[in-house]
Amino acid sequence: MGKYNDNRRANIPSKNTKKDSFNKVNNGVFVYTQTMSVGELAKELDINVNEIIKFLFLEKKMMVTINQTLDDETIGLICLQFGFDFKKEKIVSEENFEEVEIIDKPEDLLPRAPVVTIMGHVDHGKTTLIDAIRNSHLVDTEVGGISQAIGAYQKEINGQKITFLDTPGHEAFTAMRSRGASVTDIVVLVVAADDGVMPQTIEAINHAKAAKVPIIVAINKIDKPGADPERIKSELMNYDIIAEEYGGSNICLEISAKKNIGIKELLESILLVAEMQELKANPNRYAIGTVIEANLDKGEGPKATLLVENGTLNFQDYVVVGTAYGKIRRMTNEHKKILKEAKPSTPCVVIGLSEVPNAGDKFMAFPTEKQAKDIALKRALAKKQNEQSSQAQASLEKIFSKIHDSNGEVQEVNIVLKADTTGSAEAVKASLDKLSNDQVKINVIHSSAGAITESDIMLAQASGAIIYGFNVRPTSNITQKADQAGVEIHLHRIIYDLINEMEDAIKGMYKKEKVEQVLGQAEVRSLIKISKIGTVAGSYVTSGLIKAGSLVRVLRNGVIVYEGKLNSLKRFKDDVKEVKEGFECGMTIENFNDIKELDIIEAYEMVEAE
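Residues numbered from 1 in each chain as written. Predicted model: local features only at pLDDT ≥ 70, side-chain atom pairs only at ≥ 80, totals over all residues. Heavy atoms only, no water.

Asks: What's the story with unusual backbone geometry in this structure? I'm lost.
Replies: Where the residue is not glycine, phi is negative for most of them; where a peptide bond is considered, it is trans in most cases. Positive phi, close to 60°, is recorded for Asp 240, a residue that is not glycine. Within the secondary structure, Asp 240 sits in the loop between helix 7 (229-237) and strand 12 (252-254). Judged by its relative accessible area of 58%, Asp 240 is exposed. A positive phi is found at Gln 316, a non-glycine position, where the angle reads about 75°. You can see Gln 316 is positioned in the loop between strand 16 (313-314) and strand 17 (318-321). (Helix = DSSP H or I, 4+ residues; strand = E, 2+ residues; numbered from the N terminus. Buried < 20%, exposed > 50% of the residue type's maximum accessible area, 1.4 Å probe, protein only.)

Asks: Any chance you could explain the packing of aromatic side chains here in plain terms?
Replies: Here a ring pair, both rings aromatic, is described through the centre-centre distance and the interplanar angle of the planes. Considering all chains together, one arrives at 3 aromatic pairs under this definition. Between Phe 30 and Tyr 32 the ring centres are 5.6 Å apart and the planes differ by 10°, which places this aromatic pair in the stacked class. Here Tyr 562 and Phe 592 contribute two aromatic rings whose centre-to-centre distance is 4.4 Å and whose plane-to-plane angle is 10°, an arrangement assigned as stacked. On the criterion of sequence distance, the pair formed by Tyr 562 in strand 29 (residues 559-571) and Phe 592 in the loop between strand 32 (584-589) and strand 33 (600-608) is long-range, its members being 30 residues apart. We note Arg 553 situated over the ring of Tyr 604; from NZ or CZ to the ring centre the distance is 4.0 Å. (Phe/Tyr/Trp six-rings, centres within 6.5 Å; stacked < 30°, edge-to-face > 60°. Lys NZ or Arg CZ within 6 Å of the ring centre and 35° of its normal.)

Asks: Is there a simple way to think about helix 2 (residues 49-60) in this case?
Replies: Each turn of an α-helix holds 3.6 residues, which means side chains three or four residues apart point in the same direction. Taking 1.5 Å per residue, 12 residues should reach 16 Å; helix 2 reaches 16 Å between its end C-alpha atoms and fits that length. On its buried face, helix 2 sits against helix 1 (38-45), strand 4 (69-70) and helix 3 (72-81). One side-chain oxygen of the residue at the start of helix 2 lies 2.8 Å from the amide nitrogen of Asn 50, identifying that residue as Asn 48. Looking one or two places after helix 2, you find Lys 61, whose phi comes out positive at around 55°. (Expected span 1.5 Å × (residues − 1). Contact = heavy atoms within 4.5 Å. Polar contact = N/O pair within 3.5 Å; in protein donor to acceptor, adjacent residues only side chain to side chain.)

Asks: Could you clarify how one ought to interpret the sheet that holds strand 23 (residues 440-449) in this entry?
Replies: Within a beta sheet, neighbouring strands are joined by backbone hydrogen bonds and run either parallel or antiparallel to one another. Within the open sheet, the 4 strands sit side by side as 23-22-24-25. Their pairing is parallel. At either end of the open sheet lies a strand with only one pairing partner, and these are strand 23 and strand 25 (489-492). For this sheet the average axis-to-axis angle between neighbouring strands, irrespective of direction, equals 25°. With 9 bridges joining them, strand 22 (residues 411-419) and strand 23 adopt parallel strand pairing. Note that in strand 23 the partner of Val 413 across the bridge is Ile 442. Across the sheet, helix 11 (residues 422-434) lies against strand 22, strand 23 and strand 24 (466-470), angled at about 175° from strand 23, the strand it touches most. (Pairing = 2+ DSSP bridges. Axes fitted to C-alpha atoms, helices over the stretch in contact; angles between N-to-C directions.)

Honestly, it's all geometry; don't read function into it.
The structure is reproduced here in structure tokens:
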């Protein structure tokens, strides 16, 4: 299981340990774990019980009996009176490992890389800054031009590593930014020099302050007309972010991520602040950390990006991640390079888990598969017991009338939410929760990553819920089952559209202008690569029909991997206008050749609503 197999420590008490065995006197210090009676305390301290009763009556005017329970303050007073120091320790069950207080010996601690979170308002250049640091082109891949997930990357400068978290800037991703700040050591606040302090800028400042981490300000876009860095510094003073040149403690740097100006100085400033913090961790223990992102991969199963906060995570370690568990079958960095181990502050992508965890879940490695499995099952049971389901019924077109027919009562709208990643699901859920008002309560009864399934349909039917799909698509079979069950499915790729649709429905302004009409679906059975043409998908039409020139989307395990237009449609060697259900055809898609066998090609068109 790796070089740390024999001596790593998990700091988890044995499940057979009795609470009473933790009460003890050691070197004059009484260590206890729970409240106790007068008689029990007298026994633990080896003092005559009458002495305690007498002390409380004469000195504190308290009349107590031998069986009376004492609070922590009174236990402390008694200990001090009879010459003992005292300390209360919290017993943490093994399934609640998030609450474990890790105390390492100073000699076991080694320097670690700082974890830096990039924060700021939408379109102020956070992802472009990451591009400049990594020499990559992430921003080109973002839907709608905004980040919709957290990315974790490492950069080495002057022989020292820095771990970066790129958090989305749009208002919808408050929860994700909050999670980013909770695991970070330094926040880089990106503010556009030609724009200024905006709502998400203020929110990012608040998250950083709540996490009690230093803030480095990167005033971006100084190359643009209208850039005014001094105005930005002045505005930031209103939020107690004061530049060093103005007598404050915040480093403020002027940069242009697009033109690679000031990037080296920013990285050096990060290392300087990190050096002042003296960041250390113990690599010689079982790893513990946080899930940054997670999703379901068709070929590899549940996949999670983990940030190791303490200890070392090794290939083939047994881990509990949220309510999932498993043996790490593969571990890679952001460049897909295989890792044998991940030390503190290292982000890594792992496969081998029993299910997709939630972004923000804690993880921990354990010595055996049995222990990991038992702990995960306990955590899953506890989570299930805490979940509550609602039976209210709602649909978008009925919300407005229900509001006005409610006679002043608050109406609940239940939603089942499915998204391509857990981070996206969390962000959409947070946005929907914000839409609740004194007339309508938005109740997301279930949210998770992955395709819309039959169990989602059953849950929505039982609770009268609407299903929202974000970057996922149902199969024709699932769509048919939803129609039969009377369950509405609403699908979106841009979060603005999803939120606006629900917001308009609540306000009673739900109008259908142009709607999507699915024509049919075809399953890719074989692939033919032809030079100058590209990849031809030999397909079988499983439902409806496929029309030449129609809009299409490619689905892989229920998740959208591409949207575009059908380039050609053939039967044998002839071009055809359409191919109906039960027939085979060959298709090519404009500007897309990464088709794989068993992909679903869905054809659709936009039509005027009736």
